[in-house]
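# Observations on the three-dimensional arrangement
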Amino acid sequence: MAPVRSRGVVAAAISISTSIVVFSYYFLWNYQSKKKKNHLALSKKRRVGNGVVDTIGNTPLIRINSLSDATGCEILGKCEFLNPGGSVKDRVAVKIIEEALESGQLAQGGVVTEGSAGSTAISLATVAPAYGCKCHVVIPDDVAIEKSQIIEALGATVERVRPVSITHRDHYVNIARRRALEANELASKDRKPSQTNGKDTEKINDYKSEEEKQGSVFPSSCRGGFFADQFENLANFRAHYEGTGPEIWEQTGGNLDAFVAAAGTGGTVAGVSRFLQDQNPKIQSFLIDPPGSGLYNKVTRGVMYTKEEAEGRRLKNPFDTVTEGIGVNRLTQNFMMAKLDGAFRGTDMEAVEMSRFLMKNDGLFLGSSSAMNCIGAVRVAQLLGPGHTIVTILCDSGMRHLSKFHNPQYLVQFALTPKATGLEFLDIK
């Protein structure tokens with residue numbers, strides 16, 4: 001019987017050895033398969049971008065932990081300050097320039113002009129060279145000085161002008177419009193009369209040239225001008241309807257209840273709100289409006305006015321606020337595209353307190369409009385109650401607000417020294 005036991009032992013050994021081989025082969029195959037998949041995924045992540053323009057958009061969406069924990073809602077912020085130009089306006093700059101080049105209204109070697117409180121100008125100055133264009137910016141002289149310094153460092157030319165109402169011919173936007181006409185007229189001298197790239201030089205973006213001429217700020221080699229017109233150019237809206245909105249939808253898996261943001265040109269709140277509600281009509285969108293702006297009244301009461309006057313009558317600077325780049329006393333083409341369910345009014349003190357609270361508790365160093373958006377997110381959370389997901393935009397960082405919004409000496413002049421230890425300024429204990 002001994003030989004029988006020997007054969008049994010041998011068979012068992014062969015069986016065990018075979019199992020080990022099969023298991024080892026499976027383990028090796030599975031490991032190599034996962035390694036290959038990980039390599040492919042890593043390769044996709046490490047895809048080489050096509051210049052600075054390819055780095056714009058697809059920004060992270062993060063949970064703002066302190067605000068989420070305090071409200072019982074998931075408050076998410078889209079980190080637009082991580083764009084190469086440092087703000088959400090990078091998306092708009094790219095869309096405006098690309099559409100202008102495609103339509104023939106702008107040529108390589110031409111100059112893009114814009115009237116801006118800072119962020120759009122910085123974005124245009126950042127991306128214009130990537131398209132072979134130059135940039136000329138007209139900016140109010142009361143915005144943070146570092147903004148114009150950044151624009152000049154990026155190679156653009158800057159005109160600082162006194163702030164006046166949009167109804168005044170020397171409002172910074174109106175001057176920027178005239179500069180585009182001037183650049184086009186200069187370029188037309190070396191071309192056929194009345195023609196620039198096959199386009200009528202008497203009109204730029206449907207605005208006619210004025211008879212009064214000023215000394216040129218452009219070299220004779222300028223190849224024409226294009227007025228970006230961020231307030232009325234619907235490329236602004238499309239940048240967010242086609243980019244920011246879809247990204248938020250994908251990043252949340254469509255699981256969100258509300259969106260909130262402030263408005264300057266209105267492009268962001270319009271593009272995102274319309275896209276999200278086109279995907280799911282149950283998603284609510286809200287405006288947060290700073291002091292001095294009439295949009296809150298327009299959304300909540302149907303009439304755009306401030307206590308001081310009726311709509312469109314104001315002839316002085318309408319912005320009685322330390323926040324920059326948001327708030328307006330007129331309806332823009334971009335803002336009129338928005339789908340809004342309501343609005344909230346934010347204050348300067350709340351924005352200052354919120355910026356310091358987020359820095360202390362989340363390590364988020366944000367600018368004034370970002371802080372105001374976070375005020376809006378908390379207000380929406382208080383309105384809807386715990387258990388909801390709310391998205392807002394973190395437009396830019398505090399780096400371009402050092403001389404004003406993040407300057408204690410400046411804030412003390414307006415009695416805006418932050419004193420809160422928590423969120424008590426929003427009635428959260």
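Residues numbered from 1 in each chain as written. Predicted model: local features only at pLDDT ≥ 70, side-chain atom pairs only at ≥ 80, totals over all residues. Heavy atoms only, no water.

## So, the side chain of arginine 330
Tracing the sequence through the fold places arginine 330 in the loop between α9 (295–301) and β13 (342–345). Here arginine 330 sits buried without a salt bridge, and the closest side chain of opposite charge, glutamate 232, lies 4.2 Å off (N-O distance). If sequence neighbours within four positions are ignored, arginine 330 has contacts with Ile166, Phe231, Glu232, Leu295 and Met304. (Helix = DSSP H or I, 4+ residues; strand = E, 2+ residues; numbered from the N terminus. Buried < 20%, exposed > 50% of the residue type's maximum accessible area, 1.4 Å probe, protein only. Lys, Arg positive; Asp, Glu negative; His and termini not counted. Salt bridge = Lys/Arg side-chain N within 4 Å of Asp/Glu carboxyl O. Contact = heavy atoms within 4.5 Å.)

## Structural notes on helix α3 (residues 89–103)
In this model α3 runs 21 Å from its N-terminal to its C-terminal C-alpha over 15 residues, within 8% of the 21 Å that 1.5 Å per residue would give. Those residues of α3 that sit buried are Lys89, Asp90, Arg91, Val92, Ala93, Val94, Lys95, Ile96, Ile97 and Ala100. Packed against the buried residues of α3 are β2 (74–79), β3 (111–115), α4 (119–127), β10 (225–227) and α7 (235–251). Immediately beyond the C-terminal end of α3, within one or two residues, lies glycine 104, with a positive phi of roughly 85°. (Expected span 1.5 Å × (residues − 1).)

## Remarks on the pairing of strand β14 (residues 389–394)
Most of β14 sits out of view: 6 of its 6 residues are buried. Residues Thr389, Val391 and Ile393 of β14 are buried on one face, and the alternating residues Ile390, Thr392 and Leu394, pointing to the opposite face, are buried as well. Here strand β11 (residues 258–261) pairs with β14 via 3 bridges, running parallel. In the strand pairing of β14, phenylalanine 259 is matched with valine 391. (Pairing = 2+ DSSP bridges.)

## Quick notes on the layout of surface pockets
There is about 430 Å³ of room inside the second largest pocket. Sorting the residues of the lining of the second largest pocket by element identifies α3 and α7 as the ones contributing at least two each. A class-by-class count of the residues in the lining of the second largest pocket yields 6 nonpolar, 6 polar and 7 charged. (1 Å grid on protein atoms, 1.4 Å probe; cavity = no way out; pocket = protein on both sides within 12 Å on 5 of 7 lines; lining within 4 Å. Points joined across faces, edges and corners; volume = space filled by probe spheres on them. Nonpolar A, V, L, I, M, F, W, Y, C, P; charged D, E, K, R; others polar.)

## Observations concerning the state of the cysteines
Considering all chains together, one arrives at 0 disulfides under this definition. Cysteine cysteine 135 remains unbridged, with the sulfur of cysteine 133 as its closest cysteine sulfur at 9.7 Å. A disulfide-free cysteine, cysteine 395 has its sulfur positioned 8.9 Å from the sulfur of cysteine 374, the nearest such atom. (Disulfide = S-S within 2.5 Å.)

## A look at the environment of asparagine 334
Tracing the backbone shows asparagine 334 in the loop between α9 and β13. A residue is classified by how much of its surface remains accessible, and asparagine 334, at 0% relative accessible area, is buried. For asparagine 334 and glutamate 232, which are 102 residues apart along the polypeptide, the C-alpha to C-alpha distance reads 6.0 Å. Discounting chain neighbours no more than four positions away, the residues touching asparagine 334 are Gln230, Phe231, Glu232, Asn233, Leu234, Asn236, Phe237, Thr265, Gly266, Gly267 and Ala270. A polar contact of 3.0 Å, which involves the side chain of asparagine 334, links it to the backbone nitrogen of phenylalanine 237. (Polar contact = N/O pair within 3.5 Å; in protein donor to acceptor, adjacent residues only side chain to side chain.)

## A look at the pairing of strand β12 (residues 284–289)
For β12, the buried fraction is high: 5 of the 6 residues fall into the buried class. When β11 meets β12, the two strands line up parallel, connected through 4 bridges. Residue alanine 261 lies in a different strand from β12, and its bridge partner there is leucine 287. A crossover connection joins β11 to the parallel β12 through helix α8 (residues 267–279); in handedness this β-α-β unit is right-handed. (Right-handed = clockwise from strand over helix to strand, strands pointing away.)

## Let's talk about helix α10 (residues 348–362)
Here α10 contains 15 residues, and its C-alpha end-to-end distance of 21 Å stays within 8% of the 21 Å for a straight helix at 1.5 Å per residue. Buried within α10 are the following residues: Asp348, Glu350, Ala351, Val352, Glu353, Met354, Ser355, Phe357 and Leu358. Looking at the residues trailing α10, positive phi occurs at glycine 363, about 70°.

## A word on the sheet that holds β12
The mixed open sheet is built from 6 strands, whose spatial order is β1-β2-β14-β11-β12-β13. Two strands lie at the open edges of the sheet, namely β1 (61–63) and β13, each paired on one side alone. Geometrically, the sheet is characterised by an average inter-axis angle of 25° between neighbouring strands, direction not taken into account. Contacting β11, β12 and β14, α8 runs over the sheet at an angle of about 175° to β11. (Axes fitted to C-alpha atoms, helices over the stretch in contact; angles between N-to-C directions.)

## Some details on the packing of α3 against α7
The interhelical angle for the contact between α3 and α7, taken along N-to-C directions, is 130°, at an axis separation of 8 Å. By the angle between their axes, α3 is oblique relative to α7. In the crossing of α3 with α7, the sense of the turn from one axis to the other is right-handed. Listed contacts from α7 to Arg91, Val92, Lys95, Ile96 and Glu99 of α3 are Ala235, Asn236, Arg238, Ala239, His240, Glu242, Gly243, Thr244 and Glu247. A breakdown of the residues in the contact of α3 with α7 according to their chemical character gives 4 nonpolar, 4 polar and 6 charged. (Parallel < 35°, antiparallel > 145°, perpendicular 65-115°, else oblique. Left-handed = near helix turned anticlockwise from the far one by under 90°.)

## Examining the packing of aromatic side chains
Summed over all chains, the structure comprises 4 aromatic pairs. Between the aromatic rings of tyrosine 241 and phenylalanine 275, the centroid separation amounts to 5.5 Å while the plane-to-plane angle is 80°, which identifies the pairing as edge-to-face. Remark: phenylalanine 275 occurs in helix α8 and tyrosine 241 occurs in helix α7; sequence separation between them is 34 residues. Taking relative accessible area as the criterion, tyrosine 241 reaches 26% and is therefore assigned partly exposed. Seen from their ring centres, tyrosine 410 and phenylalanine 414 are 5.1 Å apart, and the 55° between their planes marks the pair as tilted. Here tyrosine 410 falls in the buried class, since its relative accessible area comes to 18%. A connected cluster of aromatic rings, assembled from ring pairs, spans Phe237, Tyr241 and Phe275. The ring of phenylalanine 231 carries arginine 330 above its face, with NZ or CZ at 4.5 Å from the centroid. (Phe/Tyr/Trp six-rings, centres within 6.5 Å; stacked < 30°, edge-to-face > 60°. Lys NZ or Arg CZ within 6 Å of the ring centre and 35° of its normal.)

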